[in-house]
Amino acid sequence: MVTEDWMMRQVEALARSIAYLVFQKEDTAYTPTGAAEDAEIDELYRTLLEKVNAGDIGGAEDLLYQRAEPEDRRYLELAVDFYSRLNDLSDEQLEQGGFARDEVQDGLRNLAAQFGVSLL
């Protein structure tokens, strides 16, 4: 339990730091715009939520990695939201989805690095 709490705080701090430093936002949420030019990323957001809600966490992460475009920072904003949502899941929920707590932090760090964002 102590390890879980510590890891969750680490991921939360990392996600909030990225949101604040990169997007000047106080929260980690991605908000679909509904604009035509954002249709692809908004649809990806909805698909990721559906997959996570269905318990396909690994599949959702794979899709995020496949579709992320490092030249478009909106995908990083989406990734921060995604990993923040995973961080809010219990260890049991993560395990049922074929995921481990430490993979949440690793995934966020790795994807952020693809966008040129590296935080210690």
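Residues numbered from 1 in each chain as written. Predicted model: local features only at pLDDT ≥ 70, side-chain atom pairs only at ≥ 80, totals over all residues. Heavy atoms only, no water.

Enquirer: I'd like a description of the overall build of the protein, backed by residues and values.
Expert: Each helix and strand counted, the protein has six helices and zero strands in total. Order of helices (α) and strands (β) in the protein, N terminus to C terminus: α-α-α-α-α-α. Dimensions of the protein, computed from the C-alpha atoms along their principal axes, are close to 45 × 30 × 20 Å. Buried residues in the protein amount to 44% of all 120 residues. Of the contacts made within the protein by residues no fewer than 6 positions apart, 66% connect residues no fewer than 24 positions apart. When the accessible surface of the protein is summed, it comes to about 6600 Å², and 48% of that surface belongs to carbon and sulfur atoms. Side-chain charges in the protein split into 11 positive and 26 negative, and the spacing between the mean points of these groups amounts to 3 Å. (Helix = DSSP H or I, 4+ residues; strand = E, 2+ residues; numbered from the N terminus. Buried < 20%, exposed > 50% of the residue type's maximum accessible area, 1.4 Å probe, protein only. Contact = heavy atoms within 4.5 Å. Areas by Shrake-Rupley, 256 points an atom, 1.4 Å probe, with all protein chains shown as cover. Lys, Arg positive; Asp, Glu negative; His and termini not counted. Charge placed at Lys NZ, Arg CZ, Asp CG, Glu CD.)

Enquirer: Which residues make up the nonpolar core, and what values go with them?
Expert: The biggest cluster of nonpolar side chains holds 33 residues, and the ones touching the most others in it are Ile18 and Leu86. When residues of this core are traced back to their parent elements, those giving at least two are helix H1 (2-23), helix H2 (39-53), helix H3 (57-67), helix H4 (73-87) and helix H6 (101-114). When residues of this core are assigned to their parent elements, the largest contribution, eight residues, is made by H4. (Core = buried A, V, L, I, M, F, W, Y, C linked by side-chain atoms within 4.5 Å.)

Enquirer: Tell me what's going on with the environment of Val52, and back it up with residues and numbers.
Expert: Mapped onto the secondary structure, Val52 falls in helix H2. As for Val52 and Glu12, which are separated by 40 residues in sequence, their C-alpha atoms are 18 Å apart. What Val52 contacts, discounting residues up to four positions off in sequence, is Ala60, Phe82, Leu86 and Leu89.

Enquirer: I'd love a proper account of the packing of H2 against H4, names of residues and values included.
Expert: Axis angle and axis distance: for two packed helices, these are the angle between their axes and the distance between the axes, and together they describe the pair. At a minimum axis separation of 11 Å, H2 and H4 run at an interaxial angle of 15°. Classified by the interaxial angle, the pair formed by H2 and H4 is roughly parallel. H4 is crossed by H2, and the crossing has right-handed handedness. Side by side, H2 and H4 meet where Glu40, Ile41, Leu44, Tyr45, Leu48, Leu49 and Val52 of the first sit next to Arg74, Tyr75, Leu78, Asp81, Phe82, Arg85 and Leu86 of the second. When grouped by side-chain class, the residues that make up the contact of H2 with H4 number 10 nonpolar, no polar and four charged. (Axes fitted to C-alpha atoms, helices over the stretch in contact; angles between N-to-C directions. Parallel < 35°, antiparallel > 145°, perpendicular 65-115°, else oblique. Left-handed = near helix turned anticlockwise from the far one by under 90°. Nonpolar A, V, L, I, M, F, W, Y, C, P; charged D, E, K, R; others polar.)

Enquirer: Got a sec to walk through H6? Specific residues and values, please.
Expert: The end-to-end C-alpha distance of H6 is 21 Å, a good match for the 20 Å that 14 residues give at a rise of 1.5 Å each. Those residues of H6 that sit buried are Arg101, Val104, Gln105, Gly107, Leu108, Leu111 and Ala112. Projected down its long axis, H6 carries its buried residues within an arc of 160°, all on one side. Once H6 ends, the next one or two residues include Gly116, with phi positive near 80°. (Expected span 1.5 Å × (residues − 1). Arc of directions from axis to C-beta.)

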